[in-house]
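So you can see what is in the structure, the chains are spelled out below.
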Amino acid sequence: MGGVNEIGSNKAVSVATTPPISAPHSQFHSPSLSRSPLLASDDHIQPANKTPRISTPRFVTPLGSPIRRALQLTRLDPHDAWLPITESRNGNAYYAAFHTLCSGIGIQALVLPVAFTILGWTWGIITLTLAFIWQLYTLYLLVQLHESTETGMRYSRYMQLCSATFGEKLAKWLALFPIMYLSGGTCVALIIIGGQTCKMFFDVICGGTCTAQPPTIVEWFLIFTSAAVLLSQLPNLNSIAGVSLIGAITAFGYCTLIWVVSVIEGRTEGVSYNPVRGSTEVTRIFDVFNTFGIVSFAFRGHNLILEIQATMPSDEKHPSSVPMWKGVKIAYTLVAMCLFPLAIGGYWAYGQRIPENGGMLTALFVFHGKDTSQFILGLTSLFVIINALSSFQIYGMPTFDDMESVYVKKKKKALPWWFRAILRAMFGYGCFFVAVAIPFLASLAGLVGGIALPVTLAYPCFMWLKVKKPKAFTPIWCLNWVLGLLGMALSGVLVAAGIYVIIDTGVEVSFFDPR
């Protein structure tokens with residue numbers, strides 16, 4: 001990785017020949033430099049207003065494992081102390097659970113019953129179960145790949161691990177666009193969903209009695225975006241742990257409320273569970289694959305796992321993978337308690353009548369808007385809005401990190417608070433512009449799911465093979481090759497299926513005309 005080198009343990013470090021990087025005193029020996037690394041002279045960090053001094057080698061305790069055959073001194077990128085993902089490394093398993101749950105569940109789960117309308121009961125449940133197990137396994141691989149037991153390197157960003165594994169050029173071709181979409185594209189989708197839900201919440205609260213002119217849908221988008229931009233001024237990933245906790249609680253809350261109300265109200269009149277069939281064999285096949293894309297898109301958040309783990313301290317005796325995996329297990333237990341009842345209960349209640357646009361949230365208002373308590377409808381809408389605001393923060397953080405890294409690496413100092421505020425406002429209102437320009441983005445869930453699928457299901461398997469180098473033809477070697485190749489093949493088929501379905505059924509294109 002750029003800025004990460006190894007130096008021999010028997011060599012001394014010379015006096016810095018270039019001006020030292022000024023760092024705030026609170027960051028000197030901070031958990032951001034979690035392995036007490038020895039920094040080379042060109043990147044040596046000194047406390048502000050201190051004169052440079054000669055650094056002497058400090059030996060690290062080797063792991064009690066045969067993997068580490070020699071003592072090595074590693075230096076981390078000193079710029080990490082000023083970037084929002086790695087600025088603070090005092091996270092724990094609970095923070096990890098909050099962030100993982102907030103990023104792992106959200107509005108994309110509400111369309112899962114739509115997949116069941118094509119797959120039916122049996123294959124719908126089988127597909128959802130296999131996808132859940134598969135993505136949980138690849139998530140485990142990423143947690144283990146976060147840091148190297150041989151060199152002590154920490155890969156704090158998904159692209160860093162990709163570049164270290166596949167090479168920088170190939171990594172950009174393979175992973176840059178999916179990761180950019182999973183960050184910026186998700187924020188755009190959250191503005192669309194959040195703005196529409198704000199309008200629904202206003203209608204529920206007013207109940208047709210308000211005399212004031214209600215805001216237009218674009219104005220609701222702007223209101224939601226302004227709230228998200230204001231909240232985005234929290235400096236780093238650890239500082240939004242409380243926001244992620246609120247987002248996780250509200251996500252669990254509205255998922256549970258929606259499926260419980262749907263089941264209590266009972267099946268709708270004329271409900272049918274016969275799978276929807278296309279007019280031709282080709283259409284039926286592509287419809288099935290498109291639903292696989294919808295299911296895979298429901299399991300997002302892998303592009304944030306390494307970033308979340310980067311907020312934790314780590315050393316040889318207490319690697320960050322232990323509390324991180326503990327947090328992941330807590331989070332995904334709750335994710336399963338939301339997704340499976342939501343998909344199964346929603347399909348049981350609405351069958352083929354589940355709306356494709358909005359899924360369960362739309363169905364709740366369409367079928368039970370008049371016979372359900374206004375308090376429940378309002379609370380559900382409010383939960384969706386709060387969760388969307390919270391998710392915006394964690395999905396926007398990688399983009400904030402990329403933007404700020406340009407300044408930090410050039411100026412060798414932390415970004416001023418006012419410049420950070422401008423950059424994050426530019427990102428937020430840029431997403432607002434895209435949301436207004438392309439309001440039908442949510443209709444492309446199947447296609448987008450296919451494009452982003454390798455990040456979740458395929459690349460972690462190949463990275464594990466490249467980094468860990470298991471013996472050929474062992475069970476773990478075969479498993480990762482099979483899953484990796486299957487994930488890549490499935491991605492290609494899903495993209496083709498998504499394009500075909502869009503061409504065949506059409507998408508209501510309305511540039512700069514959100515409704």
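Residues numbered from 1 in each chain as written. Predicted model: local features only at pLDDT ≥ 70, side-chain atom pairs only at ≥ 80, totals over all residues. Heavy atoms only, no water.

Visitor: Please set out the packing of helix H6 (residues 241–265) against helix H9 (residues 321–350) residue by residue, giving values where relevant.
Guide: In a packed pair of helices, the relevant descriptors are the angle between the two axes and the axis-to-axis distance. The N-to-C vectors of H6 and H9 enclose an angle of 30 degrees; their axes lie 9 Å apart at closest approach. Here H6 is positioned roughly parallel relative to H9, judged by the angle of their axes. Remark: the crossing between H6 and H9 carries left-handed chirality. Counting all contacts with H6, which are made through Phe252, Cys255, Ile258, Trp259, Ser262 and Val263, the residues of H9 involved are Leu334, Met337, Cys338, Pro341, Leu342, Gly345, Trp348, Ala349 and Tyr350. Looking at the contact of H6 with H9 residue by residue, the classes come out as 13 nonpolar, two polar and no charged. (Axes fitted to C-alpha atoms, helices over the stretch in contact; angles between N-to-C directions. Helix = DSSP H or I, 4+ residues; strand = E, 2+ residues; numbered from the N terminus. Parallel < 35°, antiparallel > 145°, perpendicular 65-115°, else oblique. Left-handed = near helix turned anticlockwise from the far one by under 90°. Contact = heavy atoms within 4.5 Å. Nonpolar A, V, L, I, M, F, W, Y, C, P; charged D, E, K, R; others polar.)

Visitor: Describe the side chain of Ser381, with residues and values.
Guide: Of note, Ser381 is situated in helix H11 (residues 374–411). Among the polar contacts listed, one links the side chain of Ser381 to the backbone oxygen of Leu377, at a separation of 3.0 Å. Discounting residues that sit within four places of it in the chain, Ser381 has contacts with Thr197, Met200, Phe201 and Phe365. (Polar contact = N/O pair within 3.5 Å; in protein donor to acceptor, adjacent residues only side chain to side chain.)

Visitor: Explain the environment of Ile179 to me, and be specific about the residues and the numbers.
Guide: The topology assignment puts Ile179 in helix H4 (residues 168–206). Residue classification places Ile179 among the buried residues on the basis of a relative accessible area of 13%. Linking Ile179 and Ile451, residues 272 residues apart in sequence, is a C-alpha distance of 10.0 Å. (Buried < 20%, exposed > 50% of the residue type's maximum accessible area, 1.4 Å probe, protein only.)

Visitor: Now, about the nonpolar core: what can you tell me, with residues and values included?
Guide: Counting 110 residues, the largest nonpolar core has Tyr158 and Tyr254 as the members making the most contacts within it. Take this core: its biggest share by element is 14 residues, from helix H2 (residues 112–145). Leaving out residues up to four positions away in the same chain, Tyr254 has contacts with Gly106, Ile107, Leu110, Thr380, Phe383, Val384 and Asn387. (Core = buried A, V, L, I, M, F, W, Y, C linked by side-chain atoms within 4.5 Å.)

Visitor: I'd love a proper account of a nonpolar patch on the surface, names of residues and values included.
Guide: Among the surface-exposed residues, Trp417, Trp418, Ile422 and Met426 lie close enough to one another that they form a single nonpolar patch of about 520 Å² accessible area. Among the structural elements, Met426 can be located in helix H12 (residues 417–437). (Patch = residues over 30% accessible without salt bridge, like charges linked within 9 Å, V, L, I, M, F, W, Y side chains within 5 Å. Areas by Shrake-Rupley, 256 points an atom, 1.4 Å probe, with all protein chains shown as cover. Salt bridge = Lys/Arg side-chain N within 4 Å of Asp/Glu carboxyl O.)

Visitor: Explain the packing of aromatic side chains to me, and be specific about the residues and the numbers.
Guide: Counted by the stated rule, this structure contains 20 aromatic pairs. Summarising the aromatic geometry, the rings of Phe116 and Tyr347 are spaced 5.7 Å apart at their centres and angled 55 degrees between planes, so their arrangement reads as tilted. In this pair, Phe116 is assigned in helix H2 and Tyr347 in helix H9, connecting sequence segments 231 residues apart. On the basis of relative accessibility, which here comes to 0%, the residue Tyr347 falls in the buried class. Where Tyr350 meets Phe367, the ring centres are 5.2 Å apart and the plane angle is 20 degrees; that geometry is what we call stacked. Residue Tyr350 is located in helix H9, and its partner Phe367 is located in helix H10 (residues 359–368); the two are separated by 17 residues in the primary sequence. On the basis of relative accessibility, which here comes to 0%, the residue Tyr350 falls in the buried class. The exposure class of Phe367 is partly exposed, given its relative accessible area of 22%. Three or more aromatic residues link up through ring pairs in this structure, and these residues are Phe116, Trp121, Tyr273 and Tyr347. (Phe/Tyr/Trp six-rings, centres within 6.5 Å; stacked < 30°, edge-to-face > 60°.)

Visitor: Describe H4, with residues and values.
Guide: The first and last C-alpha atoms of H4 sit 54 Å apart over 39 residues, in line with the 57 Å expected at 1.5 Å per residue. Ala175 marks where H4 bends most, by close to 45 degrees; the proline Pro178 follows one to four residues later. Of the residues one or two after H4, Gly207 is the one with positive phi, at around 60 degrees. (Expected span 1.5 Å × (residues − 1). Bend = angle between axes of the 7 residues up to and from the residue.)

Visitor: Lay out helix H1 (residues 93–104) in plain terms, naming residues and giving numbers.
Guide: The end-to-end C-alpha separation of H1 is 16 Å, in line with the 16 Å expected for twelve residues at 1.5 Å each. When you tally the buried positions in H1, you get nine out of twelve residues, the bulk of the element. All of the buried residues in H1 are Ala93, Ala96, Ala97, His99, Thr100, Leu101, Cys102, Ser103 and Gly104. Along its buried surface, H1 packs onto H6, helix H7 (281–298), helix H8 (305–309), H9 and H11. Backbone nitrogen of Tyr94 and a side-chain oxygen of the N-cap are separated by 3.0 Å at the start of H1; the cap is Asn92.

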